[in-house]
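Residue-level listing of the chains:
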Amino acid sequence: MSGPLSTTERLERSPNLSGDLGTSLAPKPSWRSVLWGLTRTRYLELVRQPVFGVGLAVGLAMVALSPALAIFSLGNAEALVLDLGASALLFFLVLLAALVVAAGSAERLADGTTSLVLSHPVSPVTVLLAEFYGAALALAQAALLLGLTLAWAARNGPDHAH
C-alpha cells in the first residue's frame, strides 16, 4: 500500500475526467459538476498546505492577543483593540492570498496537473473559475475565523485582559 495519491494520480483515476469519452457509455458531466469538482479540489489543496495553517494560526494569535496590547494605548483602549485586530486580519488575509494561492498555482503548473486537466474536455475558463472559487472559499474561511476572533477580542476587550 503506497501513500496518499497526488493530484495528478487522482485526476487520472477520476471516473468523470478519465477514459475515452467517445466510446464511453457514461454521460458527459455537466460543466457545473466539473466546476464544483475542480473548485472543491482546489479548496482542499489550499487549506491542506502547511503555510496556510501556520499563517492562519499566527493571524489568529495576533488578533486574539490584541486586547493584551491595549495597555500601550494613550487614549481609547477599545479603539486600539479594534484597529490592531482589523489590521492584523487584513494583513494576514493578504499574506495568505499571496503565499498560498501563488504557491499552489505554481505547483500545479510545475507538476503537470493543469496540463492534465486541460487535456480533458474541460474549458480553460472552467479551470480558471475553479481556481478562483477554490481560493475564494479558502480565504473566506480564513476571513471568517479571523473575524470571529476579532469579535471575541473586541467583546473581551482591554478590561478583561488584566
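Residues numbered from 1 in each chain as written. Predicted model: local features only at pLDDT ≥ 70, side-chain atom pairs only at ≥ 80, totals over all residues. Heavy atoms only, no water.

Some remarks on the overall build of the protein chain
Logical step 1: Each helix and strand counted, the protein chain has six helices and zero strands in total.
Logical step 2: Overall, the protein chain shows an N-to-C arrangement of helices and strands of α-α-α-α-α-α.
Logical step 3: Within the protein chain, buried positions represent 32% of all 162 residues.
Logical step 4: In the form shown here, the protein chain has an accessible surface area of approximately 9,900 Å², with 68% of it arising from carbon and sulfur atoms. (Helix = DSSP H or I, 4+ residues; strand = E, 2+ residues; numbered from the N terminus. Buried < 20%, exposed > 50% of the residue type's maximum accessible area, 1.4 Å probe, protein only. Areas by Shrake-Rupley, 256 points an atom, 1.4 Å probe, with all protein chains shown as cover.)

What to know about the packing of aromatic side chains
Logical step 1: All chains considered together, the criterion is met by two aromatic pairs.
Logical step 2: Relative to Phe 92, the ring of Phe 91 has its centre 5.1 Å away and its plane inclined at 80°; by these criteria the two rings are edge-to-face. (Phe/Tyr/Trp six-rings, centres within 6.5 Å; stacked < 30°, edge-to-face > 60°.)

A look at the nonpolar core
When a protein is soluble and globular, its nonpolar side chains tend to lie buried together.
Logical step 1: One finds Phe 52, Ala 142 and Leu 146 to be the most contacted residues of the largest nonpolar core, which totals 15 residues.
Logical step 2: The leading source of residues in this core is helix α4 (residues 77-110), at six residues.
Logical step 3: With residues up to four places along the chain from it excluded, the contact list for Ala 142 reads Phe 52, Leu 56, Leu 93 and Leu 96.
Logical step 4: Within the second largest apolar cluster, seven residues are counted, among which are Val 34, Leu 35, Val 122 and Val 127. (Core = buried A, V, L, I, M, F, W, Y, C linked by side-chain atoms within 4.5 Å. Contact = heavy atoms within 4.5 Å.)

Points about the pattern of salt bridges
Logical step 1: The full count for this structure, using the stated rule, is two salt bridges.
Logical step 2: Ionic pairing is found between Arg 42 and Glu 45, a salt bridge with its closest N-O pair at 3.8 Å. Of this pair, Arg 42 and Glu 45 both sit in helix α2 (residues 31-47), three residues apart, which is roughly one turn of the helix.
Logical step 3: Arg 42 sits in the buried class, given a relative accessible area of 1%. (Salt bridge = Lys/Arg side-chain N within 4 Å of Asp/Glu carboxyl O.)

Concerning α2
Logical step 1: With 17 residues, α2 ought to run about 24 Å at 1.5 Å a step, and its terminal C-alpha atoms sit 24 Å apart, in line with that.
Logical step 2: Burial in α2 covers these residues: Val 34, Leu 35, Leu 38, Thr 39, Arg 42, Glu 45 and Leu 46. Around the axis of α2, the buried residues are gathered within 130° of arc, so they sit on the same side. Away from the buried face of α2 by more than 90 degrees, exposed residues Arg 32 and Trp 36 are located. (Expected span 1.5 Å × (residues − 1). Arc of directions from axis to C-beta.)

A look at the side chain of Glu 131
Logical step 1: Within the secondary structure, Glu 131 sits in helix α6 (residues 124-155).
Logical step 2: When its relative accessible area of 15% is taken as the criterion, Glu 131 is described as buried.
Logical step 3: Those residues within four positions of Glu 131 in sequence are excluded, and the remaining contacts are Arg 42, Ser 105 and Arg 108.

Regarding the packing of helix α3 (residues 50-64) against α4
Logical step 1: Where α3 meets α4, the closest approach of the two axes is 9 Å, and the angle between their N-to-C directions is 175°. With respect to their mutual orientation, α3 and α4 come out roughly antiparallel. From α3, Val 51, Phe 52, Gly 55, Leu 56, Val 58, Gly 59, Met 62 and Val 63 reach across to α4, where they touch Leu 84, Gly 85, Ala 88, Leu 89, Phe 92, Leu 96, Leu 99 and Val 100.
Logical step 2: Here the contact of α3 with α4 is composed, by residue class, of 13 nonpolar, three polar and no charged. (Axes fitted to C-alpha atoms, helices over the stretch in contact; angles between N-to-C directions. Parallel < 35°, antiparallel > 145°, perpendicular 65-115°, else oblique. Nonpolar A, V, L, I, M, F, W, Y, C, P; charged D, E, K, R; others polar.)

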